[in-house]
Amino acid sequence: MKSPYENVKIEKWEEKTLELINEHPLDSKEVFDVVNKVWQDIFSSGIGSKPFKIGKDLFPRPQIMGFFLHELIPLEFAFRYPDVWRKDKEKIEKDMVCLLDNKYSFEIKTSSSSSRIYGNRSYAQKGTGDFKSKSGYYLAINFEKFTSENTTPGISLVRFGWLDHEDWVGQESPTGQQAHIPVEVERKKLLTLPLK
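A quick note: this is a predicted structure, and the numbers were derived from the prediction, not measured. Numbering of residues starts from 1 in each chain and follows the order in which that chain's sequence is written. In keeping with the predicted nature of the model, local features appear solely for residues at pLDDT of at least 70, side-chain atom pairs appear and are counted solely at 80 or more, and the whole-chain, interface and lining totals rest on all residues. Side-chain numbers here rest on the full set of heavy atoms in the structure, without hydrogens or water.

> Honestly, the nonpolar core in this entry has me stumped. Any pointers?
A general feature of soluble globular proteins is that nonpolar side chains tend to end up buried together. Only buried Ala, Val, Leu, Ile, Met, Phe, Trp, Tyr and Cys residues count toward a nonpolar core, and they belong to the same one when joined by side-chain atoms within 4.5 Å. Here's how the labels work: a residue is buried when its accessible area is under 20% of the maximum for its type, exposed when over 50%, partly exposed in between, all with a 1.4 Å probe on protein chains only. Membership of the largest hydrophobic core comes to 43 residues, with the highest contact counts inside it found for Leu69, Ile73, Phe106 and Leu139. The set of elements that each furnish at least two residues to this core consists of α1 (13-23), α2 (28-44), α3 (62-80), β4 (96-98), β5 (106-111), β7 (136-143), β8 (155-163) and β11 (190-192). The residues contacting Leu139, other than those within four sequence positions of it, are Val31, Val35, Ile73, Phe106, Glu107, Ile108, Lys109, Val158, Arg159 and Phe160. Secondary structure elements follow DSSP: runs of H or I of four or more residues count as helices, runs of E of two or more count as strands, with numbering from the N terminus. Note on contacts: a residue pair is in contact if any heavy atoms of the two residues lie within 4.5 Å.

Below, the structure written as structure tokens:
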């Protein structure tokens, strides 16, 4: 897939990202609203026959909260627009699949970091065979962790945009399992929602 940033100077990346977000079939305000709705749903839902509540009885680790967002956001959009969106079914698909045009399908990345997102090491490696493309639209969500003082953590940052496979940088250590995006790339290619 050709990068939409090809031959675009770094100082024009933010402008290009805004153009890509405006071209996307999902309204960026609705994306922001769905992220926050799903987050609230997690806290209002009961688990088990009692039912136990997250934030009252259960205080999941960030990985579990990220998992809930990762699973529930596609389900919410598929419920709203069943002829347009669905959750991924195969490993070669993006997390959120656009049935009308696959170029609008996107990955969801979550993190309890205040402002950064991460991928596993494979994001920085060239894929061969049946792997999903690491280039394309991304929804990045940062959220607060549970602490003894904060039993109702919130969403701290929602961003949307486009990342290319080459934007991901793997850890230098051969045993490193993480990939990150340079700060300048993250700032110019993932724009904060809601857009101003």
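> What am I meant to see in the packing of aromatic side chains here?
We describe a pair of aromatic rings using the distance from one ring centre to the other and the angle between the two ring planes. For Phe, Tyr and Trp, where Trp contributes only its six-membered ring, two rings pair if their centres lie within 6.5 Å, and the inter-plane angle classes them as stacked under 30 degrees, edge-to-face over 60, or tilted in between. One pass over the full model with this rule turns up 12 aromatic pairs. With centroids separated by 5.7 Å and ring planes inclined at 20 degrees, the aromatic side chains of Tyr137 and Phe160 adopt a geometry described as stacked. Pair noted here: Tyr137 is in strand β7 and Phe160 is in strand β8, with a separation of 23 residues, a long-range link. One exposure class covers both Tyr137 and Phe160, and it is buried. Taken together, the ring pairs in this structure connect Trp85, Tyr104, Phe106, Tyr137, Phe160 and Trp162 into an aromatic cluster. When the ring centre of Trp13 is taken as origin, the NZ or CZ atom of Lys189, which lies over that ring, is 4.9 Å away. Placement of a charge over a ring requires the Lys NZ or Arg CZ to be within 6 Å of the ring centre, with the centre-to-atom vector within 35 degrees of the ring normal.

> Looking at this model, I keep getting lost on unusual backbone geometry. Mind explaining?
Trans peptide bonds make up most of the peptide bonds, and negative phi angles are found at most residues other than glycine. Between Lys50 and Pro51 the backbone carries a cis peptide bond, its omega angle lying at -15 degrees. Tracing the backbone through its elements, the reader meets Pro51 in the loop between β1 (46-47) and β2 (52-53). With a phi close to 65 degrees, Asn7 is a non-glycine residue in the positive phi region. Mapped onto the fold, Asn7 is located in the segment before α1.

> I would appreciate a short explanation of the side chain of Ser135 in the present structure.
Looking at the secondary structure, you find Ser135 in the loop between β6 (118-120) and β7. Among the residues examined, Ser135 registers a relative accessible area of 8% and is labelled buried. If we ignore the near neighbours within four places in the chain, the residues touching Ser135 are Met1, Lys94, Leu163, Asp164 and His165.

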